[in-house]
Amino acid sequence: MRAWAGRLLANRIDRPTPFTLRAFSMKAATKRRWEVTVFAKDRQASYLRWLETGGEQAPKKRAHVLPVEAGRNRYGNMRKGVVKRLLASVNAFSGVPRGGGRPGGLYQRVGARPGRRAGRRLRLMVAYEKSTSYEPMLGFQAGGRRLVRRIVGEKMRAAMEYAIRTARRN
C-alpha cells in the first residue's frame, strides 16, 4: 500500500522531494484488530490535502512566495535562503514598484552605472501571491477504494486461513 502511494505521488507530482515521497505510512492489521490504516503524516498532509481535494488556499498574514528568476533546486523549489540573501543585497527591495502595473514581490535593480548603486531597470526575482488555487490531482481516496475492492477478497481469505491455522486450541 505504501509503495502504491509513493508511485502515485511520483507519477502525479512534478519532481516530488524525498520528504513528500515518504508522506504515507501504514498501521498493519493484527489478529485482534482486523483493520489496516493508511495515512499521510501530519507535516506532509498539510500541503498534500490541497492536491487531493483542490480548492483555494490563502495564507494568514503573509503571501505565497513564487520563484520567478530566483534560484531553484532540482525539485523546482526555491533554494534555501534566497529571499534572505536578496533582501540583504543593496540592489534589492521587497514590495510593489512605483508606477503601477507590476505585482508585489522581491525585485532586483539591474544595470548599474558609474556613480550609482544600481540601475533603474527592475527584475522580478520572487512574486507574492495572495492566494493559490489547486485542482484535485491525486485521487487517493478513489484509488484506495479501487485497490481495496480488488485485493480485499484474496487477502481476507489468506488472513482467515492463517488465523485458523495458528489459533490457540482450548
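Residues numbered from 1 in each chain as written. Predicted model: local features only at pLDDT ≥ 70, side-chain atom pairs only at ≥ 80, totals over all residues. Heavy atoms only, no water.

## Digging into unusual backbone geometry
Phase 1: Its identity as a non-glycine residue notwithstanding, Arg-15 has a phi of 50°, on the positive side.
Phase 2: Residue position: Arg-15 is located in the loop between helix 1 (2-12) and helix 2 (18-21).
Phase 3: In this structure Arg-15 comes out as partly exposed when scored by relative accessible area, which is 42%. (Helix = DSSP H or I, 4+ residues; strand = E, 2+ residues; numbered from the N terminus. Buried < 20%, exposed > 50% of the residue type's maximum accessible area, 1.4 Å probe, protein only.)

## Describing the pattern of salt bridges
Phase 1: For the coordinates displayed, the defined rule picks out 2 salt bridges.
Phase 2: Between Asp-14 and Arg-15 there is a salt bridge whose closest N-O contact spans 3.4 Å.
Phase 3: Across the pair Arg-33 and Glu-35 runs a salt bridge, and its minimum N-O distance is 3.8 Å.
Phase 4: Here Glu-35 falls in the partly exposed class, since its relative accessible area comes to 46%. (Salt bridge = Lys/Arg side-chain N within 4 Å of Asp/Glu carboxyl O.)

## Notes on the layout of surface pockets
Phase 1: Of the volumes computed, that of the largest pocket is approximately 1,200 Å³.
Phase 2: Lining the largest pocket are 28 residues, with Tyr-47, His-64, Val-65, Asn-77 and Tyr-134 sitting closest to its centre.
Phase 3: Breaking the lining of the largest pocket down by element, the ones donating at least two residues are helix 3 (42-53), strand 4 (64-67) and strand 8 (132-134).
Phase 4: Split by residue class, the lining of the largest pocket holds 15 nonpolar, 8 polar and 5 charged.
Phase 5: Its volume calculated, the second largest pocket comes out at about 780 Å³.
Phase 6: Considering the residues around the second largest pocket, the lining is formed by 22 residues, among which Ala-29, Glu-35, Val-36, Lys-155 and Met-156 are closest to the centre.
Phase 7: Put simply, the parts of the chain that give the lining of the second largest pocket at least two residues each are strand 2 (37-40) and helix 5 (140-166).
Phase 8: Here the lining of the second largest pocket gets 10 residues from one element, more than from any other, and that element is helix 5.
Phase 9: Here the lining of the second largest pocket is built from residues that sort into 17 nonpolar, 2 polar and 3 charged. (1 Å grid on protein atoms, 1.4 Å probe; cavity = no way out; pocket = protein on both sides within 12 Å on 5 of 7 lines; lining within 4 Å. Points joined across faces, edges and corners; volume = space filled by probe spheres on them. Nonpolar A, V, L, I, M, F, W, Y, C, P; charged D, E, K, R; others polar.)

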